[in-house]
Protein chains: 2
Amino acid sequence: MLTRIDHIGIACHDLDATVEFYRATYGFEVFHEEINEEQGVREAMLKINDTSDGGASYLQLLEPTREDSAVGKWLTKNGEGVHHIAFGTADVDGDAADIRGKGVRVLYDEPRTGSMGSRITFLHPKDCHGVLTELVTASQEH
Amino acid sequence: MLTRIDHIGIACHDLDATVEFYRATYGFEVFHEEINEEQGVREAMLKINDTSDGGASYLQLLEPTREDSAVGKWLTKNGEGVHHIAFGTADVDGDAADIRGKGVRVLYDEPRTGSMGSRITFLHPKDCHGVLTELVTASQEH
C-alpha cells in the first residue's frame, strides 16, 4: 500500500547551482547527497517534512553523470523540470507485483537500489497518464 | 516558511478517467472535487498522507474547463503529466514577498483562491530551474 509522497524527482543541469537555488530561495537544506552509478545520476535529497506513515517527503535533485543515462536523455529532450514522482510503501515488491497484475508496465523485474539504500522500481509513464511514477521502500522500512 | 509538500499538480485530459486510474491502481480516493473558474480547471484532490506541520500532501488532478486556460494551453503543448509542485506555508503573503525580494518572479500581485479555500500564488518556472512552483496557505492555516 502506498502511504506517502516520498519525493519529487527534479532533473537539472547543474546540481550545485540547483541546490543553492533551493537553499537561498526557500531555506531547504541538503539532507543527503550521493552518486548512483546504476541510474547515472548525482543527486541531492532535500527533506521537506515528515509524513504520517513514519517516513518523510523529499525533493530529489538529479544531475546526470552521463548524457546517455535515462535522466540525461530526458534533460536533453525536455530541459530542466519535474522528472518523476515517487510514492512510499513498506512493500515495494508486493505493490509492484500487484500493480503489474493490473496491466501497468513495471520497468524493472526486481527492485533496484535508490537513494539512501532504498529499494525502488518505476512504472511506465504511458500507463500512468504521462507521469513517470516510482515506488520506494526506504531502507528503514525493511 | 515552507513546511510541507502540499501537492503535486497533474494535468489530464479526462478527470474522471484519471481519478479512476489512481483509484484502481493505487487505491487513492477523492478527498475533494471542485471547479475553479478563475483558474479554468476542474480538479480532484487525492489525499496521500498527513504532514508533520499539521497539514497534508495531495495529488491534484487537473482537467482544463477551457482550452485557453493556463492548464489547457500547457496540455496542448506538453500532453498529460506533472504541471506544477506546491509547497505549504502558514504565510503565503509573507513568503511570496520574501521570495519576490530575492528576484524570483511571483505571478500574482496578491494571492488568489486555490483548492479547498486555500490562498495560492505561483513562481515563474524560468526562475525555478524549470519547475512551475506554487505556494499554498490552506484555509485552516489562517
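Residues numbered from 1 in each chain as written. Chains lettered and ligands numbered in written order. Predicted model: local features only at pLDDT ≥ 70, side-chain atom pairs only at ≥ 80, totals over all residues. Heavy atoms only, no water.

Overview of the UniProt feature "domain: VOC" (unreviewed entry) in chain A
The UniProt record marks residues 4-138 of chain A with the feature "domain: VOC" (unreviewed entry), using the residue numbering of this structure. When the span residues 4-138 of chain A is considered, its composition is 23% helix and 41% strand, and the gap between its end C-alpha atoms is 11 Å. (UniProt positions renumbered as here; feature names shortened; annotations may be inferred. Helix = DSSP H or I, 4+ residues; strand = E, 2+ residues; numbered from the N terminus.)

What to know about the packing of aromatic side chains
Inspection of every chain in the model, using the stated rule, returns 16 aromatic pairs over all chains. With a centroid separation of 5.5 Å and 55° between ring planes, the pair formed by A:Tyr26 and B:Phe87 is classed as tilted. One end of the pair, A:Tyr26, is in helix α1 (residues 15-26); the other, B:Phe87, is in strand β5 (residues 81-89), on a second chain. For the residue pair A:Tyr26 and B:Phe87, the accessibility class agrees, reading buried in each case. Linked through ring pairs, A:Phe21, A:Tyr22, A:Tyr26, A:Phe28 and B:Phe87 together constitute an aromatic cluster. (Phe/Tyr/Trp six-rings, centres within 6.5 Å; stacked < 30°, edge-to-face > 60°. Buried < 20%, exposed > 50% of the residue type's maximum accessible area, 1.4 Å probe, protein only.)

Overview of the pattern of salt bridges
Residue and element names in this part refer to chain B. A full pass over the atoms with the stated rule returns 24 salt bridges over all chains. For the salt bridge of Arg4 with Asp53, the shortest nitrogen-to-oxygen distance reads 2.8 Å. With Arg4 in strand β1 (residues 2-11) and Asp53 in the loop between β3 (41-50) and β4 (56-64), the pair connects residues that are 49 residues apart, well separated along the chain. Residue classification places Arg4 among the buried residues on the basis of a relative accessible area of 1%. (Salt bridge = Lys/Arg side-chain N within 4 Å of Asp/Glu carboxyl O.)

Considering unusual backbone geometry
In this structure, A:His129 takes a positive phi of about 50° despite not being glycine. Looking at where A:His129 falls in the secondary structure, it is placed in the loop between β7 (119-123) and β8 (133-137). Non-glycine residue B:Met116 carries a positive phi angle of around 55°. Looking at where B:Met116 falls in the secondary structure, it is placed in the loop between β6 (112-113) and β7 (119-123).

Quick look at the layout of surface pockets
Residues and elements named next belong to chain A. In this structure, the largest pocket encloses a volume near 1,400 Å³. Lining of the largest pocket is provided by 48 residues; of these, Trp74, Asn78, Gly81, Val82 and His83 occupy positions nearest its centre. Per-element accounting of the lining of the largest pocket gives the leading share, five residues, to helix α2 (residues 70-78). When grouped by side-chain class, the residues that make up the lining of the largest pocket number 19 nonpolar, 19 polar and ten charged. Here the second largest pocket defines a volume of roughly 330 Å³. (1 Å grid on protein atoms, 1.4 Å probe; cavity = no way out; pocket = protein on both sides within 12 Å on 5 of 7 lines; lining within 4 Å. Points joined across faces, edges and corners; volume = space filled by probe spheres on them. Nonpolar A, V, L, I, M, F, W, Y, C, P; charged D, E, K, R; others polar.)

As for the state of the cysteines
Inspection of every chain in the model, using the stated rule, returns zero disulfides over all chains. Cysteine A:Cys12 is unpaired, with the sulfur of B:Cys128 as its nearest cysteine sulfur at 13 Å. Accessibility expressed as a relative area gives 0% for A:Cys12, which makes it buried. (Disulfide = S-S within 2.5 Å.)

Describing the sheet that holds β7(B)
All names here are of chain B. One open sheet accounts for eight strands, arranged β2-β3-β4-β1-β5-β8-β7-β6; its pairing is mixed. Each having just a single partner strand, β2 (30-36) and β6 make up the two edges of the open sheet. Judged from the five bridges that link them, β7 and strand β8 (residues 133-137) form a sheet pairing that is antiparallel. Residue Arg119 lies in a different strand from β8, and its bridge partner there is Thr137. (Pairing = 2+ DSSP bridges.)

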